[in-house]
Amino acid sequence: MTGLTHPVVELTGVSKTYGDVVALRSADLVIQRGELLAVVGPSGSGKSTMLNIMGTLDRPSGGTVRITGHDVEQLTDRELSALRAGTIGFVFQHFHLAGGVPAIDSVADGLLYSGKPRRERRRVAERALRRVGLGHRLYHEPHQLSGGEKQRVAIARAVVGDPPLLLADEPTGALDSRSGAVVMELLHELHEAGTTVVVITHDRDIAASLPREVRVKDGLIEHDSASAAVTTAALPEGAAR
Ligand SMILES: Nc1ncnc2c1ncn2[C@@H]1O[C@H](COP(=O)(O)OP(=O)(O)OP(=O)(O)O)[C@@H](O)[C@H]1O
Ligand SMILES: [Mg+2]
């Protein structure tokens, strides 16, 4: 009962509290296959919380999370791991690359759940690194890579298994504008190749350049350009906007 007909992500009334901190309040969000969207908002507004819940890395305190039609709450830990491994690529806010590990193995680790033998994992990893323009840095460890290169390794790792959904938390936040532009170009390419891409960003220009923008403030989705477009389109001619 899942597959192409279901939205990739469906959050219904999702909330998250940490003790007395309400990080997310009754969020409703539907993301269709093939979308590219930005999640923007001030620091502490709940963006990472929302992305972690979408990525099934964290459980909500209330509400329902569906990923490609699966109600996450109904899955066993094993089913959830399989869903995550097969469906979701994650780029973390601060790279999360293990020290002392060459790029090719960081990326190959993204295929650990695939059951492929190590040699095959490394072959596919090499291809992913070439795809992000790092064919000449396969054996560099994180301390030998620039910030932009580290972020590209992190993206290669996230997409090495060809997940239909890519979640990127501030992928350009730690980069200069040139490296940031390279990373954004890469995300556009993945989107054009069919991946659904969700990008958290502080950068208003980046957010405005993407087809859909979701603004979060104080744990609330205060604006979603997708639903705004529907609402304004539905207004009769001449109505106040
Ligand atoms: N594990 C936690 N325990 C307690 N409070 C938390 C925890 N994680 C997040 N919070 C709080 O929840 C709120 C939302 O945090 P979140 O990380 O989602 O913000 P953000 O929008 O991603 O911010 P930034 O732009 O700074 O990354 C913040 O007030 C934060 O302090
Ligand atoms: Mg964050």
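Residues numbered from 1 in each chain as written. Chains lettered and ligands numbered in written order. Predicted model: local features only at pLDDT ≥ 70, side-chain atom pairs only at ≥ 80, totals over all residues. Heavy atoms only, no water.

Topic: the site of ligand 1
- Around ligand 1 there are 13 residues in total, and S43, G44, K47, S48 and T49 lie nearest to it.
- Residue K47 places a side-chain N or O atom 2.7 Å away from an oxygen atom belonging to ligand 1.
- Residue H202 places a side-chain N or O atom 3.4 Å away from an oxygen atom belonging to ligand 1.
- Here ligand 1, which alone exposes 640 Å², has 61% of that area covered by the protein.
- Looking at the shell around ligand 1, the elements with two or more residues in it are β2 (21-31) and α1 (47-54).
- The element that contributes the greatest number of residues to the shell around ligand 1 is α1, accounting for three residues. (Near = heavy atom within 4 Å. Polar contact = N/O pair within 3.5 Å; in protein donor to acceptor, adjacent residues only side chain to side chain. Areas by Shrake-Rupley, 256 points an atom, 1.4 Å probe, with all protein chains shown as cover. Helix = DSSP H or I, 4+ residues; strand = E, 2+ residues; numbered from the N terminus.)

Some thoughts on the sheet that holds strand β6 (residues 88-91)
- Spatially, the six strands line up as an open sheet ordered β6-β7-β8-β3-β9-β10, and their pairing is mixed. Of all strands in the sheet, those bounded by a partner on one side alone are β6 and β10 (220-224). Ignoring strand direction, the axes of neighbouring strands in this sheet form an average angle of 20°.
- Relative to strand β9 (residues 212-217), strand β3 (residues 36-40) runs parallel, the two being bridged by four bridges. If you follow L37 over to β9, its bridge partner there is R212.
- Sitting on the sheet, helix α2 (residues 77-87) is in contact with β6 and β7 (165-169), with an inclination near 70° to β6.
- Where helix α6 (residues 177-192) meets the sheet, its contacts fall on β3, β7 and β8 (196-200), and the angle it forms with β8 comes to roughly 155°. (Pairing = 2+ DSSP bridges. Axes fitted to C-alpha atoms, helices over the stretch in contact; angles between N-to-C directions. Contact = heavy atoms within 4.5 Å.)

A look at α1
- The buried fraction of α1 is high, at six of eight residues.
- The complete set of buried residues in α1 reads K47, T49, M50, L51, I53 and M54.
- A positive backbone phi angle near 60° is found at T56, which sits one or two residues after α1. (Buried < 20%, exposed > 50% of the residue type's maximum accessible area, 1.4 Å probe, protein only.)

Quick notes on the environment of E126
- As for its placement among the helices and strands, E126 is situated in helix α4 (residues 118-131).
- Residues E126 and A103 lie 23 residues apart in sequence; the distance between their C-alpha atoms is 9.0 Å.
- If we ignore the near neighbours within four places in the chain, the residues touching E126 are I104 and L138.
- Within the structure, E126 has its side chain in polar contact with the side chain of R130 (distance 2.6 Å).

What to know about the packing of aromatic side chains
- Overall, the coordinates contain one aromatic pair when judged by the stated rule.
- An angle of 25° between the planes, with centres 4.7 Å apart, marks the rings of F90 and F92 as stacked. (Phe/Tyr/Trp six-rings, centres within 6.5 Å; stacked < 30°, edge-to-face > 60°.)

Structural notes on the nonpolar core
- Core analysis: the largest hydrophobic core is formed by 39 residues, its most contacted members being V107, L129, V153, I155, L166 and L187.
- Residue assignment for this core shows that the elements contributing at least two residues are β3, α3 (103-108), α4, α5 (147-159), β7, α6, β8 and α7 (204-209).
- Considering each element in turn, this core owes the most residues, six residues, to α5.
- In contact with L187, other than residues within four places in its own chain, are I155, L166, P171, V197 and V199. (Core = buried A, V, L, I, M, F, W, Y, C linked by side-chain atoms within 4.5 Å.)

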